[in-house]
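Take a look at the letters that make up each chain.
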Amino acid sequence: MKLGLIGNPVAHSRSPALHRAALIAAGLDGDYTAHRVAPGTVEDVVRSLWKDGVIGLNVTLPLKVEVLSLCDELSDVAIRAGAVNTLHRLNNGVIHGTNTDVSGGIFPLKQRGIELSGANVLVLGAGGAARGIVVGLLAKGVARIGVLNRTITRAQHLAAELNDARICTISIDSGELAAFQPSIIINATSIGLGSTPLNADQAFGWFQRLPLSSWSIVFGYDLVYSTQNTSGMTGWTPFREVIQDAGAATIDGWEMLVRQAALSFAIWTKTDVETAYAAMLATPRAAR
Ligand code: NDP
């Protein structure tokens, strides 16, 4: 069974290691390889991979929107998210596109029993990851979602596209932000990605502008995944440190990464998602 990943860059992706572990756990013969796609070549690359016998592809940055047009059919969630992270070539040759980031992103919250129904959730960021998590939160019955982004027009665009009265946009220094009273805060910006002490300092500056002492945050969820172990935290990120200092439990994006991978794997191979998830979760976060 031939599987793979397309994006740019892909060299440091953990997806091949995750999917190879799942192939072994499922007792399947096959491989999962990463393909770097140069700008403007995605259609040719994908066509040649299908020709080569590949049946499933994950899609990462910056191609998640571009591949929408390469699909013969799209799942409802891909349409709502406006992005595809999983391509599946069906037996009849039809290319099906879906998005496992949405359900993968909500999974760690669900698994911890975090109450989403009726919650006020603050989402930092307004890119593709933010959009996916907002779609997932809306489906789980949250009361309100505040979207806070450095570029406010991008947050407004996201809110207009998703067109749901529960979404509002908030700016960082506004009085509305303190009054919003989120119980859950999610970092969907790329701040903290590959943190070094230097850029972590800059990130602390941004997160420390949040009026955390006016809120009762129960959970902080960083979609950025990290390989660092600092301050006694596996998967340390600047966001987690700031939110944890304010007294809330936190996680990074590793479980989301693994869950979306396991969901894609289960779609392609028609095998049990929990077996794939367990095998993938046991994979080291960083290449050894
Ligand atoms: P995008 O490039 O689409 O969006 C990046 C977001 O980060 C924008 O909202 C941008 O704001 C904001 N941002 C970047 N730098 C700064 C800064 N210095 N100060 C304030 N805001 C900043 O990326 P994605 O939405 O696709 O991904 C965001 C992150 O989510 C990724 O870096 C990745 O770590 C994580 N992710 C994790 C996944 C997982 O499985 N765990 C899956 C997908 C993503 P602006 O609009 O103003 O530029």
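These numbers come from a predicted model, not from an experiment.

1. Side note on the sheet that holds strand β6 (residues 95–98)
By way of backbone hydrogen bonds, the strands of a sheet pair with one another, either parallel or antiparallel. With respect to topology, 6 strands assemble into an open sheet ordered β2-β1-β3-β5-β6-β4, the strand pairing being mixed. Each end of this open sheet is capped by a strand with a single partner; those strands are β2 (31–36) and β4 (73–74). In terms of strand pairing, strand β5 (residues 86–89) meets β6 through 4 bridges, oriented antiparallel. Each residue of the ladder has a partner; that of Arg-89, found in β6, is Ile-95. Taken strand by strand, helix α2 (residues 42–51) contacts β1 (2–7), β2, β3 (54–59), β5 and β6, and its axis lies near 145 degrees from that of β3.

2. Observations concerning the nonpolar core
With 32 residues, the main nonpolar core has Val-123, Ile-133, Val-134, Leu-137, Ile-186 and Tyr-221 as its most contacted residues. Of all elements in the fold, only α4 (101–111), β7 (120–124), α5 (128–139), β8 (144–148), α6 (152–162), β10 (184–187) and β11 (219–222) reach the threshold of two or more residues within this core. In terms of residues, this core owes the most to one element, α5, which gives 6 residues. Counting residues in hydrophobic clusters, the runner-up holds 23 residues, among them Leu-122, Ile-185, Phe-204 and Ala-248.

3. Describing the side chain of Ser-174
For Ser-174, the location among the structural elements is in the loop between β9 (167–170) and α7 (175–180). By relative accessible area, which is 18% here, Ser-174 ends up buried. For Ser-174, the side chain forms a polar contact with the main-chain oxygen of Ser-171, separated by 2.8 Å.

4. Looking at the domain arrangement of the protein
Its domain assignment divides the protein into domain 1 (2–99 + 259–281) and domain 2 (103–252). Look at where the C-alpha atoms of domain 1 and domain 2 centre, and you get two points 27 Å apart. Contact with domain 1, which involves 9 residues of that partner, is made by 10 residues of domain 2. When the two sides are added together, the surface that domain 1 and domain 2 hide from each other amounts to roughly 760 Å², 56% of it contributed by carbon and sulfur. Among the residues of domain 1 in contact with domain 2, Arg-80, Ala-81 and Arg-259 are the three that bury the most area, contributing 61% of the side total. Remark: the boundary between domain 1 and domain 2 carries 0 salt bridges. Remark: the boundary between domain 1 and domain 2 carries 3 residue pairs in polar contact (both at pLDDT 80 or more). Elements that contribute at least two residues to the side of domain 1 that touches domain 2 include exactly α3 (76–81) and α10 (254–269). Residue composition of the side of domain 1 that touches domain 2, grouped by class: 4 nonpolar, 2 polar and 3 charged.

5. With respect to the packing of aromatic side chains
One pair of aromatic rings is described through two measures. These are the centre distance and the angle between the planes. Taken as a whole and assessed by the stated rule, the structure comprises 5 aromatic pairs. Their ring planes at 80 degrees and their centres at 5.8 Å tell us that Trp-206 and Phe-207 sit as a pair that is edge-to-face. Summarising the burial analysis for this pair, Trp-206 and Phe-207 share the class buried. Note that Arg-259 overlies the ring of Phe-107, its terminal NZ or CZ placed 3.8 Å from the centroid. For the cation-ring pair, Arg-259 lies above Tyr-277, with the distance from its terminal atom to the ring centre recorded as 4.9 Å.

6. Considering helix α1 (residues 15–26)
Here α1 contains 12 residues, and its C-alpha end-to-end distance of 16 Å stays within 8% of the 16 Å for a straight helix at 1.5 Å per residue. Those residues of α1 not exposed but buried are Ser-15, Pro-16, Leu-18, His-19, Ala-22 and Leu-23. Across the axial projection of α1, the buried residues extend over an arc of 160 degrees, all falling on one side. On its buried face, α1 is in contact with β1, β2, β3, α10 and α11 (273–281). Backbone geometry just downstream of α1 places Gly-27 in the positive-phi region, at approximately 70 degrees.

7. A short note on the sheet that holds strand β14 (residues 249–251)
Spatially, β9-β8-β7-β10-β11-β14 is the arrangement adopted by the 6 strands of the open sheet, whose pairing is parallel. The strands lining the two open edges of the sheet, one partner per strand, are β9 and β14. Recorded for the sheet is a direction-independent mean angle of 20 degrees between the axes of neighbouring strands. In the packing of α5 onto the sheet, contacts are made with β7, β8, β9, β10 and β11, and the angle to β7 comes to roughly 170 degrees.

Quick notes on the rules
Residues numbered from 1 in each chain as written. Predicted model: local features only at pLDDT ≥ 70, side-chain atom pairs only at ≥ 80, totals over all residues. Heavy atoms only, no water. Pairing = 2+ DSSP bridges. Helix = DSSP H or I, 4+ residues; strand = E, 2+ residues; numbered from the N terminus. Contact = heavy atoms within 4.5 Å. Axes fitted to C-alpha atoms, helices over the stretch in contact; angles between N-to-C directions. Core = buried A, V, L, I, M, F, W, Y, C linked by side-chain atoms within 4.5 Å. Buried < 20%, exposed > 50% of the residue type's maximum accessible area, 1.4 Å probe, protein only. Polar contact = N/O pair within 3.5 Å; in protein donor to acceptor, adjacent residues only side chain to side chain. Domains from an automatic or database assignment. Buried area = accessible area lost by both parts, 1.4 Å probe. Salt bridge = Lys/Arg side-chain N within 4 Å of Asp/Glu carboxyl O. Nonpolar A, V, L, I, M, F, W, Y, C, P; charged D, E, K, R; others polar. Phe/Tyr/Trp six-rings, centres within 6.5 Å; stacked < 30°, edge-to-face > 60°. Lys NZ or Arg CZ within 6 Å of the ring centre and 35° of its normal. Expected span 1.5 Å × (residues − 1). Arc of directions from axis to C-beta.

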